[in-house]
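Coordinate analysis (summary)
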Amino acid sequence: MRISHDLLEEILCRLPVKHLLRCRCVAKGWCSLIDSNAFVKKHLKNTLDCNASGVHVINGFDGRFWVVESDDGSTSVVEIDDPIKMLLSDSEYCIAANALLCVFKSQMNDIFLFNPSTRKVRKLPSAPPEFPRGFNGTEDCVCGFGYDHVNDDYKVVKIVQSFVQSGGTMVVVYSLKTNSWKQIQNVPSKYFLTIWGIFGNGALYWFLVKDLAYGFETIVGFDLGLEQFKEVPFPPVNKNYIMENKRGLFTPPAGESLCLLDTYSDLSVDVWLMNNYGEKNTWYKAFSVKQLCPLAFGILRPLAFSKSHKDVLLELDCQKLVWYNIERKTVKSVRLPRILVKFDSHFCTESLLQLTEDKSLQRPSPDKQKKQQKKRDDYLSRGFNLRL
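Now for a quick tour of the structure.

Pairing is antiparallel in the open sheet, where 4 strands are placed in the order β20-β21-β22-β23. Two strands lie at the open edges of the sheet, namely β20 (300–305) and β23 (331–334), each paired on one side alone. The average undirected angle you get between the axes of adjacent strands in this sheet is 30°. With 6 bridges connecting them, strand β21 (residues 311–316) and strand β22 (residues 320–325) associate as antiparallel partners. Each bridged residue has a counterpart across the sheet, and for Asp 311 the counterpart in β22 is Asn 325.

Tallying each qualifying case throughout the model produces 8 aromatic pairs. Residues Tyr 174 and Trp 181 carry aromatic rings whose centres are separated by 5.5 Å and whose planes lie at 50° to one another, so their mutual orientation is tilted. Overall, the relative accessible area of 0% leaves Tyr 174 in the buried class. A residue is classified by how much of its surface remains accessible, and Trp 181, at 11% relative accessible area, is buried. An angle of 55° between the planes, with centres 4.8 Å apart, marks the rings of Phe 222 and Phe 229 as tilted. With relative accessibility at 0%, the residue Phe 222 sits in the buried group. Taken together, the ring pairs connect Tyr 93, Phe 104 and Trp 196 into an aromatic cluster.

Let us now look at the environment of Val 160. As for its placement among the helices and strands, Val 160 is situated in strand β9 (residues 153–162). Between the alpha carbons of Val 160 and Phe 131 there is a distance of 7.7 Å; along the sequence they are 29 residues apart.

Counting buried positions over the 6 residues of strand β6 (residues 110–115) gives 6, a clear majority of the element. Taking the residues between adjacent antiparallel strands as the criterion, strand β5 (residues 100–105) and β6 are bridged by 4 residues, where Ser 106 takes a positive phi near 55°. Summarising the sheet, β6 and strand β7 (residues 120–123) pair through 4 bridges and their orientation is antiparallel. Bridging from a neighbouring strand, Asn 115 pairs with Lys 120 of β7. Connecting the antiparallel pair β6 and β7 is a turn made up of 4 residues, with Arg 119 showing a positive phi of about 60°.

Strand order in the open sheet formed by 4 strands is β4-β5-β6-β7, and the pairing between neighbours is antiparallel. Each having just a single partner strand, β4 (93–97) and β7 make up the two edges of the open sheet. Across this sheet, the average inter-strand angle for adjacent strands is 20°, counted without regard to direction. By the bridge criterion, 5 bridges tie β4 to β5 in an arrangement that is antiparallel. Across the sheet, Ala 96 pairs through a bridge with Leu 101, a residue of β5.

Between two cysteines, a covalent bond joining their sulfur atoms is known as a disulfide. Counted by the stated rule, this structure contains 0 disulfides. With no disulfide of its own, Cys 23 lies 8.9 Å from the sulfur of Cys 25, the closest cysteine sulfur.

Structurally, the position occupied by Lys 105 is in strand β5. Summary of buried charges: Lys 105 has no salt-bridge partner, and the nearest side chain of opposite charge, Asp 90, is 5.5 Å away. Polar side-chain contacts of Lys 105 include one of 2.8 Å to the backbone oxygen of Leu 87. Ignoring sequence-local partners within four residues, the contact set of Lys 105 consists of Met 86, Leu 87, Leu 88, Ser 89, Asp 90, Ser 91, Glu 92, Asp 110 and Phe 112.

Okay, the nonpolar core next. Grouped together as the largest cluster of nonpolar side chains are 40 residues, with contacts concentrated most on Phe 104, Phe 145, Val 156, Val 157 and Trp 206. Of all hydrophobic cores here, the second largest spans 16 residues; its members include Leu 273, Leu 300, Val 312 and Tyr 324.

Looking at the secondary structure, you find Ser 345 in strand β24 (residues 343–348). The class for Ser 345 is buried, based on a relative accessible area of 1%. Other than its neighbours up to four places away in sequence, Ser 345 contacts His 56, Val 57, Ile 58, Arg 301, Leu 303, Glu 315 and Leu 321.

Moving on: unusual backbone geometry. The step from Asp 82 to Pro 83 runs through a cis peptide bond, and the omega angle for that step is 5°. Backbone geometry places Asp 90, a non-glycine residue, at a positive phi of 60°. When you line up the elements, Asp 90 lands in the loop between α5 (84–88) and β4.

The rules behind each value
Residues numbered from 1 in each chain as written. Predicted model: local features only at pLDDT ≥ 70, side-chain atom pairs only at ≥ 80, totals over all residues. Heavy atoms only, no water. Pairing = 2+ DSSP bridges. Helix = DSSP H or I, 4+ residues; strand = E, 2+ residues; numbered from the N terminus. Axes fitted to C-alpha atoms, helices over the stretch in contact; angles between N-to-C directions. Phe/Tyr/Trp six-rings, centres within 6.5 Å; stacked < 30°, edge-to-face > 60°. Buried < 20%, exposed > 50% of the residue type's maximum accessible area, 1.4 Å probe, protein only. Disulfide = S-S within 2.5 Å. Lys, Arg positive; Asp, Glu negative; His and termini not counted. Salt bridge = Lys/Arg side-chain N within 4 Å of Asp/Glu carboxyl O. Polar contact = N/O pair within 3.5 Å; in protein donor to acceptor, adjacent residues only side chain to side chain. Contact = heavy atoms within 4.5 Å. Core = buried A, V, L, I, M, F, W, Y, C linked by side-chain atoms within 4.5 Å.

Okay, here's the thing in structure tokens:
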């Protein structure tokens, strides 16, 4: 019995990525279907609609990376081996957005994108030559990575600030679709307190000082779709604590916009989440984490909610994971075998997203642009409309 192409596609798009990678070997037709952009997008949409758990990536402070895999109720931790390990090791920082993990190395000059579902890595091209590669103490650089859901694109943002020349702030944005960098104008201020931008709901966020004399602090968001900056008001929190410690802004739990932690004492932490970017009521207090034995926390990061939203997965002091029940205030530890070093946790959506270079999406060379413009002008002069 032969099944139709449409039925085969419906069956395959419900399988996990690791099974689909094996299915590519069944036949050329299966391989072409699974590798097609239309199928990749359909599989991702189905994954999001089913609220699948995604891929849990752990990077140790010793430079190693692990992927937490779940199958038939059991959990295993698989270490990433060479040659990928060699590319990702010695990372300075990692940021997860949608299906990809962005790894920064060598003073943010070497940047890699990693799809943990397919185990594929891609190194990004260097920033424009006018963007400084080294920093000599008179300049400061901040970075960020996120997913532009408006244009279905992944973007890296680099901002360099000169403390010698006024107005010396430069912003460049990398687009995965075009595989190129471009410069952005209209930066609100050059005094960014945090180096790494926090991604949430289509925007990157930093703490920012508008006036060094008064030390006034706010939050600035960079909308990846509009490629514009916008100030974000603070929620009613203990702002003095945040200003003194330069922390409190964290990557939100999966599916949320932005997370800010407010610590009033050593006994309680309030977790504030941002509503959709641009809404009038910007923040709401989602829950509080009470100090309980054995929950002795210093650095606390909410990572994900359970499907019922009654439990939240917390990373504590970069060395353990626990499920915290919001109503009962109880704790259940998560066992992570073979990880003996401090670490950061990242969650990515399971996806077949390709990281191979797509020549058709890249920006044409200057000579080719001139030829295209001449061809367009010739057609328009004859009364035709040309679509390139």
